[in-house]
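Secondary and tertiary structure notes
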Amino acid sequence: MADRVFCIDFGSAYTKVALRRDPTADSTLLACRPAGVGEVEFCVPSTVVVDRRGAKPVPEFGDRAAGMLAGGGVDVHTNWKKAIFLAPGARPHQSPLEALLQSPELAELAAKYGVAAGQIGYLNQLVAAARTLVSGPGGRMISAEAQQQTLAATIAAHFFHWLRQQVLEACNKLPATGLKYDSIPVRISVPAFAAPTGGGDPHPGCKLLTDALGKAGWPLHPDTAVVSEPYANAVGVLTKATNAAQKGHIRLGEMFGKGPLITVMKSTADHPVYRALVIDVGAFTTDFAAVTITPADGNDADPDARVGVSQQSIPLGVSDLDERLVAALPKEKGEFLRKASPVDWEDLRPAVYSTGKGYRTAKVGIIGGPADGDAVLGCVESVVNQLTAEASKFVASLPAVPHGALQELILTGGGCSIPAFRDALQGATVGAGLTFVKTHAPDLKKTVGGPPVGKLDVAFARGGSALGGASLYFEPEYA
Ligand SMILES: Nc1ncnc2c1ncn2[C@@H]1O[C@H](COP(=O)(O)OP(=O)(O)OP(=O)(O)O)[C@@H](O)[C@H]1O
Ligand SMILES: [Mg+2]
């Protein structure tokens, strides 16, 4: 148990940190980004740069790192969260060179240039011999994934060390509380596929992150150092970061007692169940959570509600759209984007994915404007199709709710600022037969005759997992 806690929502693109400074204080997001930089002050770029131009390598983090261009001795690491959660051994231990040598394409090329098949065979033997020489007889070459994971572990320790300084500085700017912020423990949110399930060894990615936090000087939460992103996000959004307890027990009714849930509590006969479907489209994963709250039997005004959760994270997000865009654009624009800084990308995404106006550059003209319309549309459609299929599958896997249940759809994450993604998720869930009393999302506009909508505040649209992860809800002693 911890009376106070930090929660790090470690995002592939942006990291967010929230603090619960007392058991029943509201959880709050920490403004770790310098004032005036970027749109959202609590979204810290997860970019890490190693600048090798001088005598000694110099690491850079956050906004400074995000403004740097790769190349000429500057290594820019973005989306390294992916490497943390890639399971080594999931793919065969084959190097890209071996894959090339054994590919049908090379055989075809060899035939075209008149290279004898035997010569390709010798080349294969040569590479195999070199592999044995490096790794020892019978030894296995370290896979590319394992190498990336090892690098990401080092990056993580440095990043969390830097993040801790930013967090403590942000805390020192809070109204004086007399708290010793450096002794407050931390927990971290991770994709649902890596979250602890109550038994067995932790996912290697979680172990790697908690080890990195330890190396960086963060004391870990004693019982719940890791929470699942979709679950934490749903709790953050639905409780609106409220923490309520009485006599050492959390008051679920008070914490979740906002919006339609109150109606369910008051009139269980008409509305027996409340369910929120919370979908977060991030840079690395799309997270689905369905939280079903059934009031206790009887007419208790503040019933001890019962909470059921189904959740899933799938590796699909805005970074996949970015990769597809780079590959689909004309060569010089793709090359330009490959080297562009994360700050450039931050400006480019809304201009290309949301408004379609395009992103103006001096070097290669407008990227993603009307001239590239077909390429952009193709990329957006390919991600939309996957999102639609995954959302439909998730909805189909949910236990049925009784007639009269009140359901809400809540769309969060930077990806849900992209209109085509929002439309796809609304279409897939409504298409699967769900009806919502309200849909909440950033920038959602009510259409004539359309269902009721709620504009979701950016604190919940982007900070839900950090806020929810810091919730009293995840303190087992208060349950
Ligand atoms: N208005 C917008 N239009 C287009 N893209 C946007 C907009 N706002 C934010 N994004 C992008 O959405 C992506 C996802 O942001 P978010 O902060 O949700 O990701 P994350 O939490 O870092 O990722 P993950 O949770 O998958 O690790 C980012 O690449 C961000 O640049
Ligand atoms: Mg996220």
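Description of the structure in this document. All values reported here derive from a predicted model rather than from experimental measurement. (Residues numbered from 1 in each chain as written. Chains lettered and ligands numbered in written order. Predicted model: local features only at pLDDT ≥ 70, side-chain atom pairs only at ≥ 80, totals over all residues. Heavy atoms only, no water.)

**Regarding the packing of helix H6 (residues 144–172) against helix H7 (residues 204–215)**
Describing two packed helices takes the angle between their axes plus the distance from one axis to the other. Across the interface, H6 lies against H7 with an axial gap of 8 Å and an inter-helix angle of 40°. Looking at the two axes, H6 sits oblique to H7. Crossing hand, H6 versus H7: right-handed. Contacts between H6 and H7 involve Gln149, Ala153, Ala156, Ala157 and Phe160 from the first element and Leu208, Leu209, Ala212, Leu213 and Lys215 from the second. Considered class by class, the residues forming the contact of H6 with H7 number eight nonpolar, one polar and one charged. (Axes fitted to C-alpha atoms, helices over the stretch in contact; angles between N-to-C directions. Helix = DSSP H or I, 4+ residues; strand = E, 2+ residues; numbered from the N terminus. Parallel < 35°, antiparallel > 145°, perpendicular 65-115°, else oblique. Left-handed = near helix turned anticlockwise from the far one by under 90°. Contact = heavy atoms within 4.5 Å. Nonpolar A, V, L, I, M, F, W, Y, C, P; charged D, E, K, R; others polar.)

**Brief notes about the pairing of strand E8 (residues 186–190)**
Extensive coverage of E8 is indicated by the burial of five of its five residues. Burial along E8 is two-sided: Val186, Ile188 and Val190 facing one way and Arg187 and Ser189 facing the other are all buried. Both strand E1 (residues 5–9) and E8 contribute to a ladder of four bridges, which runs parallel. Within the sheet, the bridge partner assigned to Asp9 lies in E8 and is Ser189. (Buried < 20%, exposed > 50% of the residue type's maximum accessible area, 1.4 Å probe, protein only. Pairing = 2+ DSSP bridges.)

**A short note on the site of ligand 1**
Of all residues adjacent to ligand 1, which total 22 residues, the nearest are Ser12, Ala13, Lys16, Lys81 and Phe284. Between Ser12 and ligand 1, the recorded distance is 2.7 Å, taken from a backbone N or O atom to an oxygen atom. At a separation of 2.8 Å, an oxygen atom of ligand 1 approaches a polar side-chain atom of Arg349. Considering ligand 1 on its own, with 660 Å² of exposed area, one finds that the protein chains cover 91% of that surface. Only strand E2 (14–20) and helix H13 (342–354) provide two or more residues apiece to the shell around ligand 1. Looking at which element gives the most residues to the shell around ligand 1, the answer is H13, with three residues. Residues that form the shell around ligand 1 fall into these classes: eight nonpolar, nine polar and five charged. (Near = heavy atom within 4 Å. Polar contact = N/O pair within 3.5 Å; in protein donor to acceptor, adjacent residues only side chain to side chain. Areas by Shrake-Rupley, 256 points an atom, 1.4 Å probe, with all protein chains shown as cover.)

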